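So the chains spell out like this:
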Amino acid sequence: MRRVAVLVVGLAAAAGTLLPLNDRGQAIAQDHGYTPADIENGARLYQSTCAGCHGPAGDEIPGVELARGQFRRGTSDTDLITIIKTGIPGTAMPPHSFSDQEAAQVVGYLRNMTMVRTGIGTAVLRGVGDPARGQTIFEGKGRCTTCHRVYGRGPRLAPDLTEVGLTRPLPELRDALLDPSATMRPGNRPFRLVTTDGRTVTGRLLNQDSFSIQILDSDERLVSVQKRNVREHGFISTSPMPSYRDTLTIQEVDDVIGYLVSLKGFNP
Amino acid sequence: MTNGLRSTAWALVFVVAAGALANAQVSFERILRADQEPQNWLTYSGNLSGWRYSPLTQITPANVRNLELQWVFQTRAPAEANEKFEATPLVVDGVMYTVLPPNHLVALDAATGRMFWIYSAAISPLARVCCGRVNRGVAILGDTLFMATIDGHLIAIDAKNGRPIWDKALVDPALGYSFTLSPLIVKDKVIVGPSGGEYGIRGFVAAFDARTGAEVWRFNTIPGPGEPGHDTWTDAGKTAWKTGGGPAWVTGSYDPQLNLTYWGTGNPGPDWNGDPRPGDNLYTDSVIALDADTGRLKWHYQFTPHDEFDYDATQVPVLVDMPWQGQPRKLMLWANRNGFWYVLDRTTGQFLQGKPYTKVTWATGFDEHGRPKRALAPTQEGTLVYPNNQGATNWYSPSYSPRTGLFYIPSWMDTFSRYFKVPVEYKEGSQFVGRFPTMSFPALRPPAGAINQRLPEDGYGAIQAFDPRTGERKWEFKMVDVTDSGVLSTASDLVFAGGREGYFFALDARTGEPLWRASVGGQVSAGPMSYAIDGRQYVAIAAGSVLFVYALRQ
């Protein structure tokens, strides 16, 4: 509980100074010793040099998620600066002609990537509500556990939310609660197919190619279907999740968000 | 073993050796007449005209469903995300030569996949490659193989024992120069050009003496002061040309009658902000026709003047002789990364035709000289452009079949990018590009599995067949995901290709109808090729980190 409380305070503090990037960077940077200008320059270097392989969100190399601090090698800032400068011999990571300061600025950006990218503070940021109250709503009035799974409990039809506090920026969580169809991520889109013998299968599309479709169906079965046996198929553009705009109060939505941002995986 | 048996064995050895001796030397004559020995695959594209076409006919539309796996060759480690297996093998008299990424050259028994030898180049840790530690294969002349490496070496290797004969460091890897292409042999020369257009290199195409490695000629794809074309770099400081790019990612072609070698060149540097380099930026994004003996420029055609979308002309030039408006003509077919496919006169470079083969918004068409009418440019807030940054096609080989007369293009259909303009500074050894554009498909690095959850409106992949005479599209084979696969056509009217979905498949070359497919479990980022041993036809394709070889069930 204590950890969550600190987090809430941290976010609230950041929220007050987040506009524009430089001001907001100030608050973030103090933890790591980077100035806002460092982070901004790091972001520029990242976009021009790193994004080609790592992707704009830092997650396009399998096993590496820069925004989450998940690296294959090295954890400290010093490790990362060395890797950026010298590359990793025998792998796809090349050396780079950065100065120590520039490499450090890139690390500064990586350490703050999610917050910079998602523009926390540039959206209208309401306070994050009470996680305990949020959990009660999540499991009760909100009926969220009818579809969602958290810490190994609950169905798998909707996205597993065990790590949602790590992977989703706060504004996106709010949008998901208020306008779920607008913010579906690719792997969460509902899908429907009708087989040539008239059977309808709905679920989440896991993968598709020119000849086959892989789906988690509404009975939580992993189903693979050949397209030659399918009469029609396609995404359903509306999310099965209801909007909570009219069923929860603003405070209740804040509380649910407070609970969601506290979900940091099994080994936070 | 009895004496009698031993002498029989020796006699067999002698016969085998004599047979091998008769074919041992891959002379340039043999390379020129590669179509007369369809059992072999002597160059990157199968012939010097860039067709990727096999004259073999054993595998047909009627029996292709009986293809089965003969052997696989696994690279020694799971591929790094950027170490795609892009090589096209050569096959010479039953021996296969291919390159595992980044620069491990192997000689295999092409009938069984068993290894004769492996040569691993020691790669400098200074090597830096924007878009993959890859290699597309080797060249052969005589008994010597030629491999160009990602740290800028050109190495001659003995084809019998895998030992280096000479090793020349041609460029500085710390400045971002690298080689990823399969070299081109013309007469007694080995011709290469560097990759590295994302590092502010100054590109070139250069020829080296195959025996010694000594440089014979060099054509600078970015002309310096006093060289023709230099006046297309009009910045006030007169320095932009020094970091102007113009790499040569992919093997060129050769016309022996004209004695011209044709090469495609890559993007200008920096990629996504053209302000530091006003002008057309010759000879970037162009095809250049060079005298094969001197390297002198005969003509050029620039597909994308003053490019700001990374539309490298990084394709194999396809040379065909066919009637054009009633007259026999020496033509060049070119499906460009910029979304247009072209017919050029390859004697003069004259623009004859340019047509979009996917959705194109960066240009609205051509003026009477074949110059594209540019419609869009990157902006600070971002400009939406079709096709996407990865292009409507890329380095993956197209194919031409003289039987069907069709031109086959591996295509990314209706993909788009948003291009942003930001200030860029050159710094030695660092990428010199600008801000990476957003894309509806990831550029080069899908995760290991072929997970595809995209919406149909993000675009799709296709193999398309066009008739150059009419400009008409004859067929399209659609894939849900895009493809980084080359295309092989055969004299029995089959087309082989693959894609990111992890299938390798055969289509009817006349209709595009799918006839056979195999699940290869990883993305195809290479061109297929075909060869024969003892009268049996094989088809080979690299996918994931494995080479797969198929033949008809016996």
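Refer to the structure presented above.
If you're wondering where the values come from, they're calculated on a predicted model, not measured in any experiment.

## Here's the deal with the overall build of chain B
Alright, step 1. From N to C terminus, chain B includes two helices and 38 strands.
Alright, step 2. Radius of gyration (C-alpha) of chain B: 22 Å, near the 24 Å computed for a compact globule of 554 residues.
Alright, step 3. Across its three principal directions, the C-alpha atoms of chain B cover 85 × 50 × 50 Å.
Alright, step 4. Counting across all 554 residues of chain B, residues that qualify as buried make up 66%.
Alright, step 5. Within chain B, counting contacts between residues at least 6 apart in sequence, those at least 24 apart form 60% of the total.
Alright, step 6. Carbon and sulfur atoms make up 53% of the accessible area of chain B, which totals about 18600 Å².
Alright, step 7. Between the mean site of the 49 positive side-chain charges and the mean site of the 52 negative ones, chain B shows a separation of 2 Å.

## Focus on the overall build of chain A
Alright, step 1. A count of helices and strands for chain A gives ten helices and five strands.
Alright, step 2. Counting the 268 residues in chain A, one finds 48% classified as buried.
Alright, step 3. Contacts spanning at least 24 positions in sequence make up 55% of the contacts within chain A whose residues lie at least 6 apart.

## Brief notes about the packing of aromatic side chains
Alright, step 1. What the rule picks out here adds up to 40 aromatic pairs over all chains.
Alright, step 2. Their ring planes at 85° and their centres at 5.4 Å tell us that B:Tyr426 and B:Phe432 sit as a pair that is edge-to-face.
Alright, step 3. For B:Phe432, a relative accessible area of 5% puts it in the buried group.
Alright, step 4. Site record: aromatic cluster; members linked through ring pairs are B:Tyr301, B:Phe303, B:Phe309, B:Tyr311, B:Trp334, B:Phe340, B:Tyr342, B:Phe351, B:Trp362, B:Phe366 and B:Tyr419.
Alright, step 5. Here the basic side chain of A:Arg189 rests over the ring of A:Phe235, its NZ or CZ set 5.3 Å away from the ring centre.
Alright, step 6. Above the plane of the ring of B:Tyr503 lies B:Arg517, whose end atom (NZ or CZ) is 5.5 Å from the centre.

## Let's talk about the sheet that holds strand β17 (residues 286–291) of chain B
All names here are of chain B.
Alright, step 1. In space, the four strands of this open sheet follow the order β15-β16-β17-β18, with antiparallel pairing throughout. Single-partner strands in this sheet number two, and they are β15 (253–255) and β18 (297–302). When the angles between neighbouring strand axes are averaged without regard to direction, this sheet yields 20°.
Alright, step 2. For β17 and β18, the ladder comprises five bridges, and the chain directions are antiparallel. Residue pairing in the sheet places Leu290 in a bridge with Leu297 of β18.

## Quick word on empty space enclosed by the protein
All names here are of chain A.
Alright, step 1. What the rule picks out here adds up to three cavities of 30 Å³ or more.
Alright, step 2. Each pocket or cavity is described by its volume, and for the largest cavity that value is around 480 Å³.
Alright, step 3. Lining the largest cavity are 29 residues, with His54, Val64, Ile83, Ile88 and Met93 positioned closest to its centre.
Alright, step 4. Within the residue set of the lining of the largest cavity, elements represented by two or more residues are α3 (36–54), α4 (77–86) and α5 (100–111).
Alright, step 5. The biggest single contributor to the lining of the largest cavity is α3, with five residues.

## A short note on the sheet that holds strand β4 (residues 222–226) of chain A
Residues and elements named next belong to chain A.
Alright, step 1. In space, the five strands of this open sheet follow the order β4-β3-β2-β1-β5, with antiparallel pairing throughout. Sheet topology places β4 and β5 (230–235) at the edges, where each strand pairs with a single neighbour. Pairwise comparison of adjacent strand axes, ignoring direction, gives a mean angle of 40° for this sheet.
Alright, step 2. Here strand β1 (residues 190–195) pairs with β5 via five bridges, running antiparallel. Across the sheet, residue Phe191 finds its bridge partner in β5, namely Phe235.

## Structural notes on the state of the cysteines
Alright, step 1. Here the structure, examined in full by the defined rule, presents one disulfide over all chains.
Alright, step 2. Each disulfide pairs two cysteine sulfurs, and for B:Cys130 the partner residue is B:Cys131, the sulfurs being separated by 2.0 Å. Because the sign of the S-S torsion sets the handedness, a value of about -100° for the bond joining B:Cys130 and B:Cys131 places this disulfide among the left-handed ones.
Alright, step 3. Considering cysteine sulfurs only, A:Cys53 is the nearest to A:Cys50, which forms no disulfide, with 8.8 Å between them.
Alright, step 4. In this structure A:Cys147 is a free cysteine whose sulfur lies 8.9 Å from that of A:Cys144, the closest cysteine sulfur available.

## Details of the pattern of salt bridges
Should their charged atoms come close, side chains of opposite charge can pair.
Alright, step 1. One pass over the full model with this rule turns up 39 salt bridges over all chains.
Alright, step 2. The partner of B:Lys427 in a salt bridge is A:Glu102, with the nearest N and O atoms 2.7 Å apart. Of this pair, B:Lys427 sits in the loop between β28 (417–419) and β29 (438–439) while A:Glu102 sits in helix α5, which puts the two residues in different chains.
Alright, step 3. According to the relative accessible area criterion, B:Lys427 is partly exposed, its value standing at 32%.
Alright, step 4. Notably, a salt bridge pairs A:Asp254 with A:Arg174, separated by 3.0 Å at the nearest N-O pair. Residue A:Asp254 is found in helix α10 (residues 250–261), and its partner A:Arg174 is found in helix α9 (residues 170–178); the two are separated by 80 residues along the sequence.
Alright, step 5. For A:Asp254, a relative accessible area of 2% corresponds to the buried category.
Alright, step 6. Each of B:Asp255, B:Asp321, B:Lys330 and B:Arg346 takes part in one network of salt bridges that share partners.

## Quick word on the packing of helix α7 (residues 131–139) of chain A against α10(A)
The packing of two helices is summarised by the inter-axis angle and the distance between the axes.
All names here are of chain A.
Alright, step 1. Look at α7 against α10: their axes get within 7 Å of each other, and the N-to-C directions meet at 100°. The angle between α7 and α10 places the two elements in the roughly perpendicular class. For the pair α7 and α10, the contacting residues are Pro131, Arg133, Gly134, Gln135, Ile137, Phe138 and Glu139 in the first and Gln251, Glu252, Asp255, Val256, Gly258, Tyr259 and Leu260 in the second.
Alright, step 2. Here the residues of the contact of α7 with α10 are counted per class, giving six nonpolar, four polar and four charged.

## Re the nonpolar core
Alright, step 1. Counting 107 residues, the largest nonpolar core has B:Tyr97, B:Leu105, B:Phe496 and B:Tyr531 as the members making the most contacts within it.
Alright, step 2. By residue number, the principal contributor to this core is strand β38 (residues 546–552) of chain B, which donates seven residues.
Alright, step 3. Discounting residues that sit within four places of it in the chain, B:Leu105 has contacts with B:Tyr97, B:Thr98, B:Val99, B:Trp117, B:Ile118, B:Tyr119, B:Val138, B:Leu145, B:Met147 and B:Ile157.
Alright, step 4. Core analysis: the second largest hydrophobic core is formed by 49 residues, A:Leu45, B:Phe309, B:Leu319 and B:Val385 among them.

About the criteria used
Residues numbered from 1 in each chain as written. Chains lettered and ligands numbered in written order. Predicted model: local features only at pLDDT ≥ 70, side-chain atom pairs only at ≥ 80, totals over all residues. Heavy atoms only, no water. Helix = DSSP H or I, 4+ residues; strand = E, 2+ residues; numbered from the N terminus. Rg over C-alpha atoms; globule rule 2.2 N^0.38 Å. Buried < 20%, exposed > 50% of the residue type's maximum accessible area, 1.4 Å probe, protein only. Contact = heavy atoms within 4.5 Å. Areas by Shrake-Rupley, 256 points an atom, 1.4 Å probe, with all protein chains shown as cover. Lys, Arg positive; Asp, Glu negative; His and termini not counted. Charge placed at Lys NZ, Arg CZ, Asp CG, Glu CD. Phe/Tyr/Trp six-rings, centres within 6.5 Å; stacked < 30°, edge-to-face > 60°. Lys NZ or Arg CZ within 6 Å of the ring centre and 35° of its normal. Pairing = 2+ DSSP bridges. Axes fitted to C-alpha atoms, helices over the stretch in contact; angles between N-to-C directions. 1 Å grid on protein atoms, 1.4 Å probe; cavity = no way out; pocket = protein on both sides within 12 Å on 5 of 7 lines; lining within 4 Å. Points joined across faces, edges and corners; volume = space filled by probe spheres on them. Disulfide = S-S within 2.5 Å. Salt bridge = Lys/Arg side-chain N within 4 Å of Asp/Glu carboxyl O. Parallel < 35°, antiparallel > 145°, perpendicular 65-115°, else oblique. Nonpolar A, V, L, I, M, F, W, Y, C, P; charged D, E, K, R; others polar. Core = buried A, V, L, I, M, F, W, Y, C linked by side-chain atoms within 4.5 Å.

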